[in-house]
Amino acid sequence: MRPVTFLSDYGLQDEFAAVCKGIIWQLAPGTPILDITHGIAPGNIRSGALTLARAIQYVPVGVHLAVVDPGVGTDRAALAVEAADGRFFIGPDNGLLSPAVQICGGASAAVRLDPERWGMTDPSPTFAGRDVFAPAAGALAVGADLGDLGDTADPAGLTALLLPLCQVEAGIVRGVVLWVDRYGNVSTNITEADLTDAGIGGGDAILISTAIAGRTRRERVPFVRTFADVETGRLLAFVDSAGQLAIAVNGGDAASELGIGEGATITAEPSPALL
Amino acid sequence: MRPVTFLSDYGLQDEFAAVCKGIIWQLAPGTPILDITHGIAPGNIRSGALTLARAIQYVPVGVHLAVVDPGVGTDRAALAVEAADGRFFIGPDNGLLSPAVQICGGASAAVRLDPERWGMTDPSPTFAGRDVFAPAAGALAVGADLGDLGDTADPAGLTALLLPLCQVEAGIVRGVVLWVDRYGNVSTNITEADLTDAGIGGGDAILISTAIAGRTRRERVPFVRTFADVETGRLLAFVDSAGQLAIAVNGGDAASELGIGEGATITAEPSPALL
Amino acid sequence: MRPVTFLSDYGLQDEFAAVCKGIIWQLAPGTPILDITHGIAPGNIRSGALTLARAIQYVPVGVHLAVVDPGVGTDRAALAVEAADGRFFIGPDNGLLSPAVQICGGASAAVRLDPERWGMTDPSPTFAGRDVFAPAAGALAVGADLGDLGDTADPAGLTALLLPLCQVEAGIVRGVVLWVDRYGNVSTNITEADLTDAGIGGGDAILISTAIAGRTRRERVPFVRTFADVETGRLLAFVDSAGQLAIAVNGGDAASELGIGEGATITAEPSPALL
């Protein structure tokens, strides 16, 4: 049996995620299921897509179920996709799957899920996880072929996720906050290569400007390796474990400290060393 | 080994649920355990019972452990129940188990759990999950008979869950909000059949009145299939994935929008089509 | 394969815990992983250590991974420890592991984890769970020897967890709140033996004084077995399931009621029976 991973915006308070896992286990008894998270903010496709993309290389090759599906019940396609590295992805065709699929070498095959193939003639128009996606994941977990699950779709036609690009010009990098983690660490779409292009290297200080809802704030921040490279309570900039520029407070919560969140704009430029 | 499902109000911050699962795995090493949820509001028996009932048909036949137990340490019975369809249910006899047991064909056998049968002479008077319920679940998971776990009890004597009934009269349906999910969708005790009895069908508009804490509010709402059948930000009425009348906001949170929660009263009546 | 347990302050919203579990499963496919909790407050080593210590005796003997690691990226040691009872513990050497290891008979062997042993030449300085601790847990789960994971360390040198001691004098017990659980139950560092030393026994009333942030409050509280021994909404004192003096409200939240939390001081003294 193939192991299954599962990401959604179902939360853990209601039974939604458990019902999907129950269906997977009815088809593939006891197959290992790894919950990536069910804490994606309701309907936040981008957050779900980025979380899946950050996690995918660390989880076993198998069946990767993802459900953040504000278009449930409409004619958005429900897909199963095989990636070039042999992983299967299942979810709505709304951009949620594409960054992870790309990391896995791109889509080599795809089908549009057809619940009638497993006798589901009237799937719920509000809970496709239960009636469409989980049955497909369970079937793939026990070795079904993609073609058993629906009609062939164009693997090149997978809906892309639109992400803001970071811009480097004249020693300034302009980016966006893509993620605030549980600790309040603020992660951006700026990579280490972008910083190098702007002439910023480890050990430098960075002048950070953040803006959200029209309020701008500037901070001179040391660019270091890890939290404890600055004193407790102080801001730092670092390359996080996913390779992105991030801002943190050692022992604190940078998002609260800076008053920013997902979607805030952020610029970084070289700065004279801290006084 | 039989698979185990587990529902409780323990939350996931403390180690309570893990301790119970550890005990199950000491008795039944590695048996699959499916957490239905541990996010039931503390002591909310009705919410736990309804969640278990909504989930039960989708999870594998096995041992179904449920602990929402405000009467822990009193003489309320601790039960193991076999249902007509072969499922085993374990939990306090306070109404928590009965809707799910009924869905599974009713109780065919029951025992009152006796911890002395497994050498537990002094069970904690505040953590029966650990000392009474989990050991029984582990024993059943590895194939114990009900009779190994305690003295026979009357299967017909299971405490019922009292639920408010919905009333249909003169084209008006009066019900109650039983559940608000993570998305803020508001689910009621009104079924599609109740709506049909009141002359309300799909495509109609419904006049919804909600009342909580003396504040009444009326909204004319389209009765549709799914969220995207109305514009983003607009209220809709629909039959949810459990077959109940629910109110939602497409892309939003109906409970916040309407200022209501569990226990609010709700009436539905046919309305002229939306202007 | 050895079963794995996992405790952290990663939360369940981000993918951190799942990434670690994914790595464990890449090395030890499908090995049972029991999440003790990922809800430890960020960086709260004491809370993590006490939670692990309370849970350890109830979970299967195996590999016990724990990550609450505010010193990540510094030269604090990353350890794998074998306890006298055969359990393996993995985590940072900051006090997190020591109470649980002590319960398991003390450390009989230890190594300082060396990621180069598994080809990780440049571990992330901010996510040791992924690059250091989880690979070690996976290796031990499939039967690696401690010595495969790093250079020998002094098992007697494990960093201890400093805990406030409770003081008994002249019929008064002075302690500290160590834990507030999901229900708002307030658990202390005072044991039943401490109460006996102060002349307090079951059935007595206790005069409780709590102080936090300079605000003191006194309550006369019955010392009983379980919640339902007092009326709904009333305070009670009891010995909790971990053997510590705890304060609760039957059907309510004692921490909110008393306005206290972790770290509050608490004194208990015998009191005339309640009027």
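To continue, consider the sheet that holds strand β6 (residues 107-113) of chain C. Residue and element names in this part refer to chain C. Pairing within the open sheet is mixed, and its 7 strands lie in the order β2-β1-β3-β5-β4-β6-β7. The open sheet has two free edges, formed respectively by β2 (33-37) and β7 (150-153), since each of these has just one partner strand. Strand after strand, the sheet turns through a mean of 20° between neighbouring axes, direction not considered. With 3 bridges joining them, strand β3 (residues 63-67) and strand β5 (residues 88-92) adopt parallel strand pairing. Bridge assignment links valine 63 to a residue of β5, and that residue is phenylalanine 88. Running at roughly 130° to β2, helix α2 (residues 45-55) makes contact with β1 (4-8), β2, β3 and β5 of the sheet.

Turning our eyes to something else, we now look at the interface of chain C and chain A. Counting residues at the interface gives 29 residues for chain C and 27 residues for chain A. Both faces considered, chain C and chain A share a buried interface measuring about 2,400 Å² in area, 60% of it formed by carbon and sulfur atoms. For the chain C face of the interface with chain A, the top three residues by lost area are Glu15, Trp25 and Thr126 of chain C, together amounting to 25%. The interface formed by chain C and chain A includes 1 salt bridge. For arginine 54 of chain A, the salt bridge is made with glutamate 15 of chain C, and the minimal N-O distance between the two is 2.7 Å. The tally of links between chain C and chain A comes to 16 residue pairs in polar contact (both at pLDDT 80 or more). Counting residues per element, the side of chain C that touches chain A draws most heavily on helix α1 (residues 16-27) of chain C, at 8 residues. For the side of chain C that touches chain A, the per-class residue count stands at 13 nonpolar, 11 polar and 5 charged.

Turning our eyes to something else, we now look at the packing of aromatic side chains. All names here are of chain A. Taken as a whole and assessed by the stated rule, the structure comprises 21 aromatic pairs over all chains. Between phenylalanine 6 and tyrosine 10, the aromatic rings sit 6.4 Å apart at their centres with planes inclined by 80°, giving edge-to-face as the arrangement. By relative accessible area, which is 7% here, tyrosine 10 ends up buried. When the centroid spacing of 5.4 Å and the interplanar angle of 75° are considered together, the rings of phenylalanine 16 and phenylalanine 127 count as edge-to-face.

Interface size, as often reported, equals the accessible area lost upon joining of the parts. With 29 residues of chain A at the contact, the number on the chain B side is 27 residues. Across the chain A to chain B interface the summed buried area is about 2,400 Å²; carbon plus sulfur atoms make up 60%. Counting the surface chain A buries against chain B, the share from its top three residues, Glu15, Trp25 and Thr126 of chain A, is 24%. Where chain A meets chain B, there are 1 salt bridge. Summed over the shared surface of chain A and chain B, the number is 16 residue pairs in polar contact (both at pLDDT 80 or more). Looking at the side of chain A that touches chain B element by element, the count peaks at 8 residues for helix α1 (residues 16-27) of chain A. Looking at the side of chain A that touches chain B residue by residue, the class counts come to 13 nonpolar, 11 polar and 5 charged.

This paragraph deals with the packing of α1 of chain A against helix α4 (residues 128-141) of chain A. Residue and element names in this part refer to chain A. As a packed pair, α1 and α4 sit with axes 8 Å apart at the nearest point and diverge in direction by 40°. When the axes of α1 and α4 are compared, the crossing they make is right-handed. Contact residues: α1 offers Val19, Cys20, Ile23, Ile24 and Leu27, while α4 offers Gly129, Arg130, Ala134, Pro135, Ala137, Gly138 and Ala139. Looking at the contact of α1 with α4 residue by residue, the class counts come to 9 nonpolar, 2 polar and 1 charged.

Here we take up unusual backbone geometry. Phi angles above zero are rare outside glycine, and alanine 213 of chain A is one such case at about 50°. Within the secondary structure, alanine 213 of chain A is located in the loop between β11 (205-212) and β12 (215-222).

This part covers the pairing of strand β10 (residues 186-191) of chain C. Residues and elements named next belong to chain C. For β10, the buried fraction is high: 5 of the 6 residues fall into the buried class. The turn linking strand β9 (residues 172-180) back onto β10 is made up of 5 residues, and glycine 184 within it adopts a positive phi angle of 85°. Two strands pair when backbone bridges link them, and β10 and strand β14 (residues 244-249) are joined in this way by 3 bridges, in the antiparallel orientation. Residue pairing across strands places valine 186 opposite isoleucine 247, the latter belonging to β14.

Right, let's get into the pattern of salt bridges. Residues and elements named next belong to chain C. The full count for this structure, using the stated rule, is 27 salt bridges over all chains. Of the charged contacts in the structure, one is a salt bridge between arginine 76 and aspartate 69, with a shortest N-O distance of 2.8 Å. Summarising the burial analysis for this pair, arginine 76 and aspartate 69 share the class buried. For aspartate 131, the salt bridge identified is with arginine 130, shortest N-O distance 2.9 Å. Residues aspartate 131 and arginine 130 agree in their burial class; the two are buried.

It is worth spelling out the layout of surface pockets at this point. Considered as a void within the structure, the largest pocket measures approximately 960 Å³ in volume. Around the largest pocket sit 47 residues that line it, and Asp35 of chain A, Lys21 and Asp35 of chain B together with Lys21 and Asp35 of chain C are the ones nearest its centre. At the level of elements, α1 and β2 (33-37) of chain A, α1 (16-27) and β2 (33-37) of chain B together with α1 and β2 of chain C are the ones that each hand at least two residues to the lining of the largest pocket.

Our next topic: the relation of the copies chain C and chain A. Relating the two copies of this chain is a rotation about some axis coupled with a shift parallel to it. Between the two copies, chain C and chain A, the superposition gives an RMSD of 0.0 Å; the rotation angle is 120° and the shift along the axis is 0.0 Å. On the angle and the small slide along the axis, the relation comes out as a three-fold axis. Every residue of chain C has its C-alpha some distance from the rotation axis, and the shortest such distance is that of proline 32 of chain C, at 4.9 Å.

Another point: the relation of the copies chain A and chain B. Mapping chain A onto chain B leaves a residual RMSD of 0.0 Å; the transformation is a rotation of 120° accompanied by 0.0 Å of translation along its axis. Each copy contacts the other with its own distinct surface, as only 7% of the interface residues of chain A are interface residues in chain B too.

Let us now look at the confidence of the model for chain A. Overall, the predicted model of chain A reaches an average pLDDT of 95, with 99% of residues at or above 70. With a pTM of 0.97, the predicted complex shows an ipTM of 0.96.

All names here are of chain B. Judged by pairing direction, the sheet is mixed, and its 7 strands sit side by side in the order β2-β1-β3-β5-β4-β6-β7 without closing on themselves. Strands with a single pairing partner mark the edges of an open sheet, and in this sheet they are β2 and β7 (150-153). Sheet twist, expressed as the average angle between the axes of neighbouring strands with direction ignored, equals 20°. The pairing of strand β4 (residues 78-83) with strand β6 (residues 107-113) spans 5 bridges and is classified as antiparallel. In the strand pairing of β6, glutamate 82 is matched with alanine 109.

Reading guide: rules and limits
- The numbering scheme is per chain: residues are counted from 1 as the chain's sequence reads.
- Chain letters start at A and ligand numbers start at 1, both assigned in the order the entries are written.
- At least 70 in pLDDT is required for a residue's local features to be given in this predicted model, at least 80 for side-chain atom pairs to be given and counted, and no such filter applies to totals for whole chains, interfaces and linings, which use all residues.
- With hydrogens and water excluded, all non-hydrogen atoms of the structure serve as input to the side-chain values.
- We treat two strands as partners when DSSP finds at least two bridges between them.
- Helix and strand labels come from DSSP, where a helix needs a run of H or I of at least four residues and a strand needs a run of E of at least two; each type is numbered from the N terminus.
- In this analysis an axis means a line fitted to C-alpha atoms, helices contributing only their contacting stretch, and an angle means the value between N-to-C directions, from 0 to 180 degrees.
- Residue contacts follow a heavy-atom distance rule, with two residues in contact if any of their heavy atoms lie within 4.5 Å.
- Put simply, buried area is the surface a 1.4 Å probe can reach on two separate parts but cannot reach once they are joined, added for both.
- Within this document, salt bridges are pairs made up of a side-chain nitrogen of Lys or Arg and a carboxyl oxygen of Asp or Glu, the two lying within 4 Å of each other.
- Two N or O atoms count as a polar contact when they lie within 3.5 Å, although within protein this holds only if one can serve as hydrogen donor and the other as acceptor, and sequence-adjacent residues are included solely when both atoms are side-chain atoms.
- Each residue gets one label: Ala, Val, Leu, Ile, Met, Phe, Trp, Tyr, Cys and Pro are nonpolar, Asp, Glu, Lys and Arg are charged, and the others, such as Gly, are polar.
- Each aromatic pair joins two rings of Phe, Tyr and Trp (for Trp, the six-membered one) with centres within 6.5 Å, and gets the label stacked for planes under 30 degrees apart, edge-to-face for over 60, and tilted for any other angle.
- Note on classification: 1.4 Å probe, protein chains only; a residue is buried when its accessible area is under 20% of the maximum for its type, exposed when over 50%, partly exposed between these limits.
- We call a crossing left-handed when the near helix sits turned anticlockwise from the far one by less than a right angle, and right-handed when that turn is clockwise.
- The pocket and cavity definitions rest on a 1 Å grid over protein atoms only: a 1.4 Å probe that fits but cannot leave marks a cavity, an open set with protein on both sides within 12 Å along at least five of seven lines marks a pocket, and residues lining either have an atom within 4 Å of a point.
- Grid points are joined across faces, edges and corners, and a volume is the space filled by probe spheres set on the points.
- When the copies are superposed, the least-squares fit draws on C-alpha atoms of residues that have pLDDT of at least 70 in both.
- A residue's pLDDT is the confidence the predictor assigns to it, expressed on a 0 to 100 scale.

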